[in-house]
There are 2 protein chains.
Amino acid sequence: MTVDVKRNEDQRPVLHFTPQKGFMNDPNGLVYSNGIWHLYYQLDDRSLVAGHPEWGHATSNDLLSWRWHKKAIMAPSDHEAIWSGCCVVDRNNTSGQFDESASPDDRIVAIFTIHTQGHQTQNVALSSDGGYTFTQYKHNPVLDIGWAHFRDPKVLWHEPSNQWVMVVAKCHQFKVGFYGSPDLIHWHHLSDFEGSGVRGYQYEMPNLVQVPWDNDSDRKRWVLFLSIGPGAPLGGSFTQYFLGDFDGTTFTSSDNYLRTADLGKDWYAAQTWFDSPDGAVYGIGWASNWQYCNRVPAERYRSAMSLPRKFTVREVSLNVATKSLSLISRPIDLDNARLHTDETAMVYTNGSAKDYPSIQVIYERRLQSGSGAFEFKLKIRSGTPAARVSVDIANRSGHSIGLNFLVEVEGMFVSLDRGGTRTGSSWDHPLFDDKVCMWVPNTQSVYDVHVILDAFVCELFAIDGAYAFTNTFFLQGGVVSTFTVSQDAPITEVFDVYELCSLAPAK
Amino acid sequence: MTVDVKRNEDQRPVLHFTPQKGFMNDPNGLVYSNGIWHLYYQLDDRSLVAGHPEWGHATSNDLLSWRWHKKAIMAPSDHEAIWSGCCVVDRNNTSGQFDESASPDDRIVAIFTIHTQGHQTQNVALSSDGGYTFTQYKHNPVLDIGWAHFRDPKVLWHEPSNQWVMVVAKCHQFKVGFYGSPDLIHWHHLSDFEGSGVRGYQYEMPNLVQVPWDNDSDRKRWVLFLSIGPGAPLGGSFTQYFLGDFDGTTFTSSDNYLRTADLGKDWYAAQTWFDSPDGAVYGIGWASNWQYCNRVPAERYRSAMSLPRKFTVREVSLNVATKSLSLISRPIDLDNARLHTDETAMVYTNGSAKDYPSIQVIYERRLQSGSGAFEFKLKIRSGTPAARVSVDIANRSGHSIGLNFLVEVEGMFVSLDRGGTRTGSSWDHPLFDDKVCMWVPNTQSVYDVHVILDAFVCELFAIDGAYAFTNTFFLQGGVVSTFTVSQDAPITEVFDVYELCSLAPAK
């Protein structure tokens with residue numbers, strides 16, 4: 001049973017991508033070319049629930065402002081659907097499908113799954129105009145092993161072995177298939193990778209990419225993203241990743257620990273952009289969860305993408321004795337979207353925990369812009385177990401969510417209270433968990449936290465990108481406009497706030 | 001900050017073990033001897049929060065009714081604490097510490113951690129009276145590697161290599177140490193096992209045991225339980241397990257998938273009994289979570305143990321293509337605690353999903369006994385995605401929790417709503433998650449579910465023990481006394497209810 005509460009158009013996020021109308025899920029075909037960032041996405045524009053997806057399309061110059069375009073790849077019939085996949089730039093015309101009239105940077109090849117009842121195959125479509133219009137390759141499918149659950153191809157150019165490499169999910173066998181091709185058309189099997197960590201119900205959306213070290217962009221590590229659900233650690237669907245080596249044939253994981261790319265409920269189906277102007281790795285996730293994506297409040301469209309993130313790897317402390325190489329996720333720079341006149345910086349150093357009488361409000365603020373979007377950066381001093389900082393974030397109706405930071409020994413719990421009567425929402429569902437929580441280990445003297453809040457999406461990053469925590473929430477009565485910070489010990493060292501505004505979309 | 005709501009004595013569980021007073025955590029020293037099940041446990045009887053543990057002690061003839069005894073192992077000083085460990089029966093006096101006056105079955109040896117600031121060692125205490133009084137071994141410690149976080153020894157007799165084998169946590173290095181001994185006194189290092197799956201902040205409470213196959217007790221598999229927290233998949237602390245081989249020196253995991261022994265929030269520090277009358281493997285977990293155990297409502301005592309469980313292994317379907325060998329957990333037989341006059345059996349076969357108009361109440365019941373304890377067995381027909389069965393369980397004040405079963409394709413979400421205004425509780429905490437959820441894959445035509453509810457503990461088992469889901473809850477105004485079952489499609493096939501009562505404790 002689905003109980004819906006209408007969601008007003010004026011609650012649309014200003015910096016997080018949303019579809020013009022209909023149901024959106026996975027990001028697809030992420031490709032950078034000609035100075036343009038392309039974002040395709042699973043879209044059923046006839047419905048507000050998952051059904052018959054095709055590829056929606058948007059572009060950006062800055063990864064913050066997006067322009068909608070007409071659908072890029074459409075289903076040939078009602079019993080076929082265009083499921084997830086990727087794009088590459090075939091500059092050297094390896095496919096042989098382009099003529100000289102298409103400039104090298106405009107030669108975009110999409111590789112994606114066509115889904116029919118009981119059968120999924122990999123297919124190709126070609127664009128000679130830089131990704132705006134596609135024509136299906138005439139001899140599709142290009143890869144068919146006769147399986148019902150075989151999908152979500154992601155392709156990269158592997159220079160050392162001089163070939164295109166596809167990773168694709170053998171979903172119910174819990175394998176990632178690796179295939180090689182000279183031309184994007186003819187594919188041969190290279191290997192299968194059997195993961196570790198969580199299996200859940202199925203594998204989806206593999207994504208192989210070489211990611212640079214933090215502060216050492218020449219040193220790189222292969223990262224294999226893998227989306228899994230249902231059966232996620234926190235419930236529903238989530239994005240796991242593996243660190244390892246890839247030799248052109250086989251991916252070898254460096255160990256078998258579970259690594260989670262985002263510890264919140266709402267960051268699924270992550271994909272990275274093919275190419276980037278600075279050689280860095282950028283990606284995006286779908287800010288929802290199959291556990292409740294069809295049931296959350298919606299009116300004209302359903303769900304948003306996360307902000308684009310820049311990925312690196314770095315050693316992170318799990319405790320004083322053990323470090324672990326980890327994916328580092330940082331949101332793209334929001335400086336252009338900041339209302340600089342509203343910038344605030346505060347430092348609290350007064351008093352000791354012992355002298356502190358009880359919970360004290362240390363900061364209150366009413367946002368000026370009405371955009372429902374702002375970010376804050378927080379530094380919390382470690383070393384006072386059981387101390388708490390609370391941030392209450394409310395809209396004009398007084399309905400709110402709460403972010404709580406609870407210091408423990410060598411770590412901190414971060415809890416988001418996003419449900420119950422405080423949100424004022426008449427919408428409730430057994431599968432929408434009201435409180436979500438993550439553990440942030442830390443052996444340093446300070447926890448740094450960066451929160452971006454935009455309409456119904458809250459993204460939180462801690463320990464300089466070592467932990468990401470993305471969650472949606474649904475307040476009755478408009479976007480957030482005020483927030484209140486309190487603490488029960490003097491542990492807040494810095495609290496910087498920036499209001500955020502929308503930017504003009506790309507031409 | 002801790003906000004407490006008093007918890008009345010009359011809300012004590014009738015079948016789940018609780019300490020007489022004080023703060024309880026891990027089960028310790030589980031041993032069966034002379035027809036008696038011994039349950040020792042981490043106990044600080046001077047406080048309602050974790051602090052300075054010693055070993056509490058209780059015994060049972062039937063694993064359902066428990067008799068409290070005086071503390072079994074006490075801390076020699078305030079700056080030393082008796083942390084977790086195990087007991088074995090040293091029938092053959094391998095330790096050389098018993099004289100002929102102690103009958104073989106009365107020779108109980110406890111092996112446990114003594115914790116001081118910055119140092120943890122393994123120690124021995126001896127009982128010649130079957131586990132009621134212990135004397136510390138005079139040359140303690142028996143194992144000291146100079147580490148601050150080295151604890152929770154669990155010892156078994158390994159017949160093929162004719163030695164005692166200890167597993168013990170090298171907590172912050174994420175290793176399980178294996179040590180061998182001919183006499184329980186002199187220990188030598190055998191190997192270290194590096195796990196896979198989740199690391200979190202630290203490893204605790206390893207437990208190695210040979211578990212029989214379901215329906216084939218001669219065939220066995222080694223199971224290594226391992227408790228981990230904070231940093232659990234669902235938040236806080238949890239119990240992971242590995243399946244593998246043990247050759248007397250080295251444990252080898254058969255694969256590297258994350259396996260979770262209980263998918264709820266409240267089943268930690270699991271330990272199995274040394275020995276049993278029928279050769280089966282029985283164990284118990286602590287029904288709480290370090291995320292909030294010091295903060296939940298309490299008056300005289302804090303926390304309960306789970307019901308004892310019988311463990312086996314069996315192949316379980318993750319989807320139609322893949323099976324996985326899994327730990328099977330079944331609660332011990334509650335037949336003796338059932339009020340048979342109240343037995344009910346119902347079968348619903350009327351109507352089709354299409355004809356079903358909306359949510360319908362199909363069963364309501366007021367419990368007669370006032371014990372706050374009952375169980376129900378439910379069969380839900382699969383194959384109607386998005387159909388729901390809801391069980392609302394309330395006390396006399398009308399405050400309630402809700403269990404929801406939501407059918408999906410090849411699986412079902414089970415959600416427990418245990419918070420918010422419906423529970424009437426003035427107690428709330430950011431770290432006590434109001435809704436908890438698990439995914440139950442199923443490729444069969446029916447989901448079987450078995451729920452046992454006793455005061456503030458709810459244990460749920462699905463697919464004949466393949467999935468366990470243990471969670472606590474805190475209602476204002478007394479134990480539960482009524483429940484209401486509703487569904488939005490005719491998918492409930494069987495609903496059997498038994499009221500449960502307390503049993504006289506062992507002499």
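Residues numbered from 1 in each chain as written. Chains lettered and ligands numbered in written order. Predicted model: local features only at pLDDT ≥ 70, side-chain atom pairs only at ≥ 80, totals over all residues. Heavy atoms only, no water.

Some points on the overall build of chain A
And then number 1: For chain A, the helix and strand inventory stands at zero helices and 32 strands.
And then number 2: Relative to the globule expectation of 23 Å for 507 residues, the C-alpha radius of gyration of chain A, 23 Å, shows essentially globular dimensions.
And then number 3: Within chain A, the fraction of its 507 residues that count as buried is 66%.
And then number 4: The long-range fraction of contacts in chain A, counting pairs at least 24 apart against all pairs at least 6 apart in sequence, stands at 62%. (Helix = DSSP H or I, 4+ residues; strand = E, 2+ residues; numbered from the N terminus. Rg over C-alpha atoms; globule rule 2.2 N^0.38 Å. Buried < 20%, exposed > 50% of the residue type's maximum accessible area, 1.4 Å probe, protein only. Contact = heavy atoms within 4.5 Å.)

Here's the deal with the sheet that holds strand β11 (residues 175–181) of chain B
Residue and element names in this part refer to chain B.
And then number 1: Reading across from one edge, β9-β10-β11-β12 is the order of the four strands in this open sheet, with antiparallel pairing throughout. Strands with a single pairing partner mark the edges of an open sheet, and in this sheet they are β9 (150–158) and β12 (188–194). On average, each strand axis in the sheet is inclined to that of its neighbour by 25 degrees, with strand direction left out of account.
And then number 2: One ladder, built from six bridges, connects β11 with β12; its direction is antiparallel. When the bridges of β12 are listed, F178 appears paired with S191. (Pairing = 2+ DSSP bridges. Axes fitted to C-alpha atoms, helices over the stretch in contact; angles between N-to-C directions.)

Here we look at the environment of H119(A)
All names here are of chain A.
And then number 1: Checked against the element boundaries, H119 lands in strand β7 (residues 119–127).
And then number 2: Overall, H119 belongs to the partly exposed group, its relative accessible area being 27%.
And then number 3: For the pair formed by H119 and D464, sequence separation is 345 residues and the distance between their alpha carbons is 43 Å.
And then number 4: When neighbours within four sequence positions are excluded, H119 is seen to be in contact with I114, D144, G146, W147 and A148.
And then number 5: Engagement of the side chain of H119 in a polar contact is seen with the side chain of D144, the distance being 2.8 Å. (Polar contact = N/O pair within 3.5 Å; in protein donor to acceptor, adjacent residues only side chain to side chain.)

Some points on the domain arrangement of chain A
Residue and element names in this part refer to chain A.
And then number 1: Domain annotation for chain A reports domain 1 (22–331) and domain 2 (335–499).
And then number 2: On a C-alpha basis, the centres of domain 1 and domain 2 stand 31 Å from each other.
And then number 3: Contacts between the two partners involve 32 residues from domain 1 and, on the opposite side, 30 residues from domain 2.
And then number 4: The junction of domain 1 with domain 2 conceals about 2,500 Å² of combined surface from both sides, 60% of it contributed by carbon and sulfur atoms.
And then number 5: The largest per-residue losses of area from domain 1 upon contact with domain 2 belong to L263, R295 and P297, which jointly make up 19% of the total buried on that side. (Domains from an automatic or database assignment. Buried area = accessible area lost by both parts, 1.4 Å probe.)

Regarding the relation of the copies chain B and chain A
And then number 1: Each copy superposes on the other: chain B lies on chain A with an RMSD of 0.0 Å after a rotation of 180 degrees and an axial shift of 0.0 Å. Considering both components of the superposition, the chain copies are consistent with a two-fold axis.
And then number 2: Both copies share a contact surface, since 100% of the interface residues of chain B are interface residues in chain A too. (Least-squares fit on C-alpha atoms with pLDDT ≥ 70 in both.)

Some remarks on the interface of chain B and chain A
And then number 1: If you look at the interface, chain B gives 52 residues, while chain A gives 52 residues.
And then number 2: The largest per-residue losses of area from chain B upon contact with chain A belong to R199(B), Y257(B) and K435(B), which jointly make up 17% of the total buried on that side.
And then number 3: Among the ionic pairs, R295(B) bridges to E408(A), the shortest N-O distance being 3.2 Å.
And then number 4: Seen at the junction of chain B and chain A, the total is 26 residue pairs in polar contact (both at pLDDT 80 or more).
And then number 5: In terms of residue class, the side of chain B that touches chain A is made up of 23 nonpolar, 17 polar and 12 charged. (Salt bridge = Lys/Arg side-chain N within 4 Å of Asp/Glu carboxyl O. Nonpolar A, V, L, I, M, F, W, Y, C, P; charged D, E, K, R; others polar.)

Focus: the environment of L234(A)
And then number 1: Mapped onto the secondary structure, L234(A) falls in the loop between β14 (216–228) and β15 (238–246).
And then number 2: In this structure L234(A) comes out as buried when scored by relative accessible area, which is 15%.
And then number 3: Separated by 204 residues in sequence, L234(A) and M438(A) have C-alpha atoms that sit 9.5 Å apart.
And then number 4: Aside from chain neighbours lying at most four places away, what touches L234(A) is L263(A), G264(A), K265(A), D433(A), C437(A), P233(B) and L234(B).

Quick look at the environment of P430(A)
And then number 1: Relative to the helices and strands, P430(A) is located in the loop between β26 (411–417) and β27 (435–441).
And then number 2: Each C-alpha atom, one on P430(A) and one on M24(A), is 22 Å from the other, the two residues being 406 residues apart in sequence.
And then number 3: Excluding residues that lie within four positions of it along the chain, P430(A) makes contacts with R388(B), N404(B), L406(B), S415(B) and K435(B).

Here's the deal with the pattern of salt bridges
And then number 1: Under the defined criterion, the tally for this structure stands at 53 salt bridges over all chains.
And then number 2: Put simply, D434(B) and K435(A) hold a salt bridge, and the shortest N to O gap is 3.2 Å. Residue D434(B) is found in the loop between β26 (411–417) and β27 (435–441), and its partner K435(A) is found in strand β27; the two belong to separate chains. The two residues D434(B) and K435(A) agree in class, both being buried.
And then number 3: Each of D214(A), R314(A), R330(A) and D464(A) takes part in one network of salt bridges that share partners.

Thoughts on the UniProt feature "domain: Glycosyl hydrolase family 32 N-terminal" (unreviewed entry) in chain A
And then number 1: On the UniProt side, "domain: Glycosyl hydrolase family 32 N-terminal" (unreviewed entry) is annotated at positions that read residues 16–315 of chain A here.
And then number 2: Taken end to end, residues 16–315 of chain A is 0% helix and 50% strand, and its first and last C-alpha atoms sit 29 Å apart. (UniProt positions renumbered as here; feature names shortened; annotations may be inferred.)

Considerations on the packing of aromatic side chains
And then number 1: With the rule as written, the count across this model stands at 74 aromatic pairs over all chains.
And then number 2: Where F193(B) meets F251(B), the ring centres are 5.0 Å apart and the plane angle is 90 degrees; that geometry is what we call edge-to-face. A residue pair is termed long-range when its members are at least 10 positions apart, and F193(B) in strand β12 and F251(B) in strand β16 (residues 251–253) qualify at 58 residues.
And then number 3: By relative accessible area, which is 7% here, F193(B) ends up buried.
And then number 4: Within the aromatic cluster, the residues linked to one another by ring pairs are F17(A), Y32(A), W37(A), Y41(A), W66(A), W273(A) and Y282(A).
And then number 5: Here the basic side chain of K170(A) rests over the ring of W147(A), its NZ or CZ set 5.7 Å away from the ring centre. (Phe/Tyr/Trp six-rings, centres within 6.5 Å; stacked < 30°, edge-to-face > 60°. Lys NZ or Arg CZ within 6 Å of the ring centre and 35° of its normal.)

With respect to the side chain of Q163(A)
All names here are of chain A.
And then number 1: Summarising the element assignment, Q163 is placed in strand β10 (residues 163–170).
And then number 2: A polar atom in the side chain of Q163 sits 2.9 Å from the side chain of S161.
And then number 3: Of note is the side chain of Q163, whose polar atom sits 2.8 Å from the backbone oxygen of G248.
And then number 4: The residues contacting Q163, other than those within four sequence positions of it, are L156, W157, H158, G180, S181, H188, L190 and G248.

Focus on the nonpolar core
It is characteristic of soluble globular proteins that their nonpolar side chains tend to be buried jointly.
And then number 1: Counting residues in each nonpolar core, the largest one holds 136 residues, and the members touching the most others are F178(A), L403(A), F405(A), L403(B) and F405(B).
And then number 2: Apart from residues lying up to four places away in sequence, F405(A) is in contact with L378(A), I380(A), A387(A), R388(A), V389(A), V391(A), M412(A), F413(A), V414(A), V449(A) and L460(A).
And then number 3: Counting 36 residues, the second-largest nonpolar core is a separate cluster that includes F112(A), Y137(A), M166(A) and W187(A). (Core = buried A, V, L, I, M, F, W, Y, C linked by side-chain atoms within 4.5 Å.)

Thoughts on the pairing of β7(A)
Residues and elements named next belong to chain A.
And then number 1: With eight of its nine residues buried, β7 lies for the most part within the structure.
And then number 2: Across nine bridges, strand β6 (residues 108–116) lies against β7 in antiparallel orientation. Counted as the bridge partner of H115 is Q120 from β7.
And then number 3: Between the antiparallel neighbours β6 and β7 lie two residues, among them G118 with a positive phi of about 80 degrees.
And then number 4: As paired strands, β7 and strand β8 (residues 135–136) are joined by two bridges and run antiparallel to one another. In the sheet register, A125 faces β8, and the bridge partner there is Q136.

Brief notes about the sheet that holds strand β11 (residues 175–181) of chain A
Residues and elements named next belong to chain A.
And then number 1: Read across the open sheet, the four strands follow the order β9-β10-β11-β12; overall the sheet is antiparallel. With partners counted over all chains shown, the strands left at the sheet margins are β9 (150–158) and β12 (188–194), one partner each. If you compare each strand with its neighbour and ignore which way they point, the axes differ by 25 degrees on average.
And then number 2: As paired elements, β9 and β10 share seven bridges and run antiparallel to each other. Its bridge partner being in β10, L156 is matched across the sheet by V165.

Some words on the side chain of H450(B)
Residues and elements named next belong to chain B.
And then number 1: Structurally, H450 can be placed in strand β28 (residues 446–454).
And then number 2: Residue class for H450 comes out buried when judged on its relative accessible area of 15%.
And then number 3: A polar atom in the side chain of H450 sits 2.6 Å from the side chain of E375.
And then number 4: Setting aside residues up to four positions removed in sequence, H450 forms contacts with P331, E375, F376, K377, E459, L460 and F461.

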